[in-house]
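# Examination of the molecular architecture
Each chain, letter by letter, is given below.
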Amino acid sequence: MTGWTATTRREEPMSEDVPQQFHRQPYSFVRRGDRLTARRQKAWDEFSSTHVLDVPRLVTDTSVAPEARFDQAEVFGREGAPLVVEVGSGLGEAIVHAASEHPENDYLAVEVYTPGIADLLMKMGQAGVQNVRVVQANAPEVLENLLEPASVDELWVFFPDPWHKTRHHKRRLVSPDFARLAARVIRPGGLWRLATDWEEYALVMREVLEASEEFRNEHPGRGATEEDPTGGWAPRWEGRILTSFERKAGEAGRHPWDLTYRRA
């Protein structure tokens, strides 16, 4: 296994000379620099060959070719463990913590940002966890091409890029198309957990999921107010630790909006 990844956060928009098939859905990330600090480089050198999946590419280095396949038993070396997938794992705080608390689960991080992956690998090594793998690729292509249908027990999308400007809303990850891909890979009865610190995007997420026939809100009507009679907001899930990103959002006066949906 060698390294390449996908995330919800900030990658470079595709250039005009990219083949047309890549314009079916705008990328929800902007590519950042890949330069690593000494500590991150050490973690990358030590763990990327064994913990970052080597997947076939189509054209770009974050694409996933249609023939790609994810054999969970082969990757993790065991059979029957529940599979949790986090899209946009960032610096790996949430997924490494969860993996250390629940060694009975297998965890797959989907991230495009190389320094973020290196940080995740560093945390993983420090925690001594063995049940985390990373794929460096565009998240919709991971769900469409890499993962098998009904193979995921939980899908996490925590704090995806909100793309504030109206002209950039088409880049938002949570959309009807992405919900269809999520429904493809989440097993019946499995969960999709979401969180954002932007209220407007939270309302969009809820609208997308409520319109889907494939998902059912685990907390219908919860948190309803006169201004927002729909409700449906989930309580903060105890498995989602307070990350540095969320802490900074709180310092800026923004609080998280959580949603939990079950695959019908």
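First, a word on what this report is: a plain description of the structure on this page.

About the thresholds
- Residues numbered from 1 in each chain as written.
- Predicted model: local features only at pLDDT ≥ 70, side-chain atom pairs only at ≥ 80, totals over all residues.
- Heavy atoms only, no water.
- Axes fitted to C-alpha atoms, helices over the stretch in contact; angles between N-to-C directions.
- Helix = DSSP H or I, 4+ residues; strand = E, 2+ residues; numbered from the N terminus.
- Parallel < 35°, antiparallel > 145°, perpendicular 65-115°, else oblique.
- Left-handed = near helix turned anticlockwise from the far one by under 90°.
- Contact = heavy atoms within 4.5 Å.
- Nonpolar A, V, L, I, M, F, W, Y, C, P; charged D, E, K, R; others polar.
- Buried < 20%, exposed > 50% of the residue type's maximum accessible area, 1.4 Å probe, protein only.
- Pairing = 2+ DSSP bridges.

## Points about the packing of helix 5 (residues 139-146) against helix 6 (residues 176-185)
Close contact between helix 5 and helix 6 brings their axes to 9 Å; oriented N to C, the two are set at 40°. Taken together, the axes of helix 5 and helix 6 are oblique relative to one another. The interaxial crossing formed by helix 5 with helix 6 has left-handed handedness. Here A139, P140, L143 and E144 of helix 5 come into contact with helix 6, specifically with F178, L181, A182, R184 and V185. Here the contact of helix 5 with helix 6 is composed, by residue class, of seven nonpolar, no polar and two charged.

## Thoughts on the pairing of strand 5 (residues 186-196)
The element strand 5 is extensively covered by neighbouring structure, given that eight of its eleven residues are classed as buried. Pairing of strand 4 (residues 152-158) with strand 5, which is carried by six bridges, proceeds in the parallel orientation. Residue pairing across strands places F158 opposite A195, the latter belonging to strand 5.

## Topic: unusual backbone geometry
The phi dihedral of A150 is positive, around 55°, even though this residue is not glycine. Here A150 lies in the loop between helix 5 and strand 4. The partly exposed category is assigned to A150, whose relative accessible area is 44%. Backbone geometry at F159 places phi at a positive 55°, although glycine is not the residue there. Here F159 is to be found in the loop between strand 4 and helix 6. You can call F159 buried: its relative accessible area is 5%.

## Description of the packing of helix 3 (residues 93-101) against helix 4 (residues 114-127)
Contact geometry of helix 3 with helix 4 gives a least axis separation of 9 Å together with a crossing angle of 25°. As summarised for this structure, helix 3 and helix 4 are arranged roughly parallel, according to the angle between their axes. As helix 3 packs across helix 4, the resulting crossing turns out to be right-handed. Contacts between helix 3 and helix 4 pair E93, I95 and V96 from the former with L120, K123, M124 and A127 from the latter. Grouping the constituent residues of the contact of helix 3 with helix 4 by class yields five nonpolar, no polar and two charged.

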